[in-house]
Amino acid sequence: FRFVIKGSLAGAAVYVAYDQGLLGSGTQGAEALKKAQAALPPAIHEWASYVGWELPPTPKFDFSPSDSWNKGVQTVMSALSVAPTRACEYTVEGWKHVK
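Residues numbered from 1 in each chain as written. Predicted model: local features only at pLDDT ≥ 70, side-chain atom pairs only at ≥ 80, totals over all residues. Heavy atoms only, no water.

Asker: Just checking my understanding: could you explain the overall build of the protein for this structure?
Answerer: Helix and strand content of the protein: three helices and zero strands. Counted from the first residue to the last, the protein has its helices and strands arranged as α-α-α. Taken as two groups, the 9 positive and 8 negative side-chain charges of the protein have centres that lie 11 Å from each other. (Helix = DSSP H or I, 4+ residues; strand = E, 2+ residues; numbered from the N terminus. Lys, Arg positive; Asp, Glu negative; His and termini not counted. Charge placed at Lys NZ, Arg CZ, Asp CG, Glu CD.)

Asker: Sorry if this is basic, but what is going on with the environment of Val 51 here?
Answerer: Mapped onto the secondary structure, Val 51 falls in helix H2 (residues 26-51). What makes Val 51 partly exposed here is its relative accessible area of 37%. For the pair Val 51 and Met 77, spaced 26 residues apart in sequence, the C-alpha separation works out to 48 Å. (Buried < 20%, exposed > 50% of the residue type's maximum accessible area, 1.4 Å probe, protein only.)

Asker: What exactly am I supposed to notice about the confidence of the model for the protein here?
Answerer: The predicted coordinates ought not to be read in detail in places where the model reports low pLDDT. Mean pLDDT over the protein stands at 80; residues scoring 70 or higher make up 91%. Element-level pLDDT for the protein is lowest in H2, with a mean of 77, against a maximum mean of 87 in helix H1 (residues 2-19). (pLDDT = per-residue confidence, 0-100.)

Asker: Would you mind showing me how to read a nonpolar patch on the surface here?
Answerer: On the surface, Leu 40, Ile 44, Trp 47, Tyr 50, Val 51, Trp 53 and Leu 55 cluster together to form a nonpolar patch covering roughly 790 Å² of accessible area. Within the element layout of this structure, Leu 40 appears in helix H2. We classify Leu 40 as partly exposed; its relative accessible area is 48%. (Patch = residues over 30% accessible without salt bridge, like charges linked within 9 Å, V, L, I, M, F, W, Y side chains within 5 Å. Areas by Shrake-Rupley, 256 points an atom, 1.4 Å probe, with all protein chains shown as cover. Salt bridge = Lys/Arg side-chain N within 4 Å of Asp/Glu carboxyl O.)

As structure tokens, this is what we get:
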């Protein structure tokens, strides 16, 4: 029974992420982030006023998912391009240590 509940929640989370464009391209992700930034603060404020809590104002973020994605891709590709050279260097150092 737990497996069905957990599977349903995971499936719903993936569906919502796909439906909102989070699993698409970087521009779709940026649009989804803008929609979330516009919708979440009023919803949180409404919920907090309903519960009776007073929350501080939400901070403003200047974040671009596409820039972060591109930086991550460049970092990974750089590491992969240097990997054979580093593997040879580490192998030589290992043999020197063993000898």
